[in-house]
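A look at the structure
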Amino acid sequence: MRKSTGGVRAWYVLLPVILVVAVAAGVFFTGKTGPTGENEWVTFIKANTGDAQAQYLSGLPYDKRRGGIDDAARASGWYEKAAAQGHMDAQIALADLYNDDKGVANRDKAFALYKAVKAPSPDIKRKLAEFYLTGRGSVPKDVEIGERLLREAAQAGDKAAEKAWGQRLNSAGDREGAKLWLIKCADRGDTQCLTDMAYLFYNTGDQPKAISYFNRAADRGNADAQIRLSMLYFNGMAVKKDLAVAYKWALLARKGPKGSAAVSEAREAVPFIESRLTPDQKVEGQKQADAFKPAS
């Protein structure tokens, strides 16, 4: 009597199916959770079948500006696909990538994408303002439009715009107007704004407030504020003369950003101050500099 081969044939048919299902399940369950809580493999499949949201999410891991690695080519590839379908977040992300590029053509693309946003947020208004104020890319310079957009962004609470608008007013000589905006970023601990506020108060005769702001900026590591304090303590201007403290701040300012004016000034100031120190003053100033830790 012949044995039945039906069961064997069924296993030959079912085994590949079972293996495919098992592999697919393994891939699924080993996939990480993406930004929306969805399995990354599901997002990958959706992205490759035309889902705009999935395409946008697939670009994020390669976008350094948004917490990913620095692979602008792969990020823009996904963003372009999503933006072509009208995905607004992808459009803005793509514009940001183009805007970071130094080439005129890509900056012009960025400008066009920002302009296409129907209800621009404050940060987009700030970015558009930069184009108009500086003639970025091949955009014709238009100070009136640029200042209006920057002011609107600042008034809407964009932090970078508040700082930029305050600095612009300061450059234009509107010191009181500048204070209203620069104090906002100074209170957030921005060292450049703290230093700007110090100069504003010093130049308007309020030396105690100026020294306070210089100290706050210097304590946070701002080389410009540090070299100003060094000069003030060396000359006894608005503070009690103290050569050891002047030496301390000059030593610290010398460690600032390479190529900055403050560092260049500090490099000249250090040997100049040293030549006028007693051995004890030099030791004390060096000791204070060595013990310095920037405030958070």
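Residues numbered from 1 in each chain as written. Predicted model: local features only at pLDDT ≥ 70, side-chain atom pairs only at ≥ 80, totals over all residues. Heavy atoms only, no water.

Looking now at the overall build of the protein. Secondary structure summary: the protein contains 16 helices and 0 strands in total. Burial analysis of the protein (296 residues in total) assigns 38% to the buried set. For the protein, long-range pairs separated by at least 24 residues make up 42% of all intrachain contacts whose partners lie at least 6 apart in sequence. Of the accessible surface of the protein, which amounts to about 16,800 Å², a share of 55% is contributed by carbon and sulfur atoms. (Helix = DSSP H or I, 4+ residues; strand = E, 2+ residues; numbered from the N terminus. Buried < 20%, exposed > 50% of the residue type's maximum accessible area, 1.4 Å probe, protein only. Contact = heavy atoms within 4.5 Å. Areas by Shrake-Rupley, 256 points an atom, 1.4 Å probe, with all protein chains shown as cover.)

Time to look at the pattern of salt bridges. Taken as a whole, this structure holds 17 salt bridges when the rule is applied. Between Arg168 and Glu147 there is a salt bridge, with the nearest N and O atoms lying 2.9 Å from each other. Here Glu147 lies in helix α8 (residues 143-155) and Arg168 lies in helix α9 (residues 159-171), a separation of 21 residues in the sequence. Between Arg228 and Asp224 there is a salt bridge whose closest N-O contact spans 3.7 Å. Of this pair, Arg228 and Asp224 both sit in helix α13 (residues 223-235), 4 residues apart, which is roughly one turn of the helix. Classification of Arg228 as buried rests on a relative accessible area of 15%. (Salt bridge = Lys/Arg side-chain N within 4 Å of Asp/Glu carboxyl O.)

This part takes up α8. Since there are 3.6 residues in each turn of an α-helix, residues three or four apart along the chain are aligned in direction. In a regular helix each residue adds 1.5 Å, so 13 residues correspond to 18 Å; α8 covers 18 Å between its end C-alpha atoms and thus fits that length. In this structure Asp142 caps α8, since a side-chain oxygen of it lies 3.3 Å from the backbone nitrogen of Glu144. Phi turns positive, to about 100°, at Gly157, one or two residues after α8. (Expected span 1.5 Å × (residues − 1). Polar contact = N/O pair within 3.5 Å; in protein donor to acceptor, adjacent residues only side chain to side chain.)

Quick look at the layout of surface pockets now. Considering only enclosed or pocket space, the second largest pocket measures out at about 160 Å³ in volume. Contributing to the lining of the second largest pocket are Arg126, Lys127, Ala129, Glu130, Leu133, Thr134, Leu150, Ala164 and Arg168. Elements supplying a minimum of two residues to the lining of the second largest pocket: α7 (122-134) and α9. When residues of the lining of the second largest pocket are assigned to their parent elements, the largest contribution, 6 residues, is made by α7. Grouping the constituent residues of the lining of the second largest pocket by class yields 4 nonpolar, 1 polar and 4 charged. (1 Å grid on protein atoms, 1.4 Å probe; cavity = no way out; pocket = protein on both sides within 12 Å on 5 of 7 lines; lining within 4 Å. Points joined across faces, edges and corners; volume = space filled by probe spheres on them. Nonpolar A, V, L, I, M, F, W, Y, C, P; charged D, E, K, R; others polar.)

With that settled, the discussion passes to the nonpolar core. Inside soluble globular proteins, nonpolar side chains tend to come together where they are buried. Counting 80 residues, the largest nonpolar core has Tyr56, Tyr79, Trp249 and Ile273 as its most contacted members. If you tally residues by element for this core, the top one is helix α14 (residues 243-253), at 9 residues. Excluding anything up to four places from it in sequence, Tyr79 contacts Tyr56, Gly59, Leu60, Asp63, Arg66, Ala90, Ala93, Leu94 and Leu97. (Core = buried A, V, L, I, M, F, W, Y, C linked by side-chain atoms within 4.5 Å.)

For the rest of this paragraph, the subject is the confidence of the model for the protein. Looking at the protein, the pLDDT average stands at 90 and 88% of residues meet or exceed 70. In this model residues 17-29 is a low-confidence stretch, pLDDT under 50, and it forms 5 contacts with partners more than four residues away in sequence or in other chains. (pLDDT = per-residue confidence, 0-100.)

Attention now moves to the packing of helix α6 (residues 104-115) against α7. Running from N to C, α6 and α7 cross one another at 135°; their axes reach a closest spacing of 10 Å. The pairing of α6 with α7 is recorded here as oblique in orientation. For the element pair α6 and α7, the recorded crossing hand is left-handed. Contact residues: α6 offers Arg107, Ala110, Phe111, Tyr114 and Lys115, while α7 offers Ile124, Lys127, Leu128, Phe131 and Tyr132. Its residues assigned to classes, the contact of α6 with α7 shows 7 nonpolar, no polar and 3 charged. (Axes fitted to C-alpha atoms, helices over the stretch in contact; angles between N-to-C directions. Parallel < 35°, antiparallel > 145°, perpendicular 65-115°, else oblique. Left-handed = near helix turned anticlockwise from the far one by under 90°.)

Another point: unusual backbone geometry. Residues other than glycine seldom take positive phi values, yet Ala238 does so here, at roughly 70°. Looking at where Ala238 falls in the secondary structure, it is placed in the loop between α13 and α14.

To continue, consider the state of the cysteines. The final tally for this structure, using the stated rule, is 1 disulfide. Between the sulfur of Cys185 and that of Cys193 lies a disulfide, 1.9 Å long from S to S. Where Cys185 bonds to Cys193 through sulfur, the torsion about that S-S bond is close to -95°, and the disulfide is left-handed. Look at Cys185 and you get buried, because its relative accessible area is 2%. (Disulfide = S-S within 2.5 Å.)

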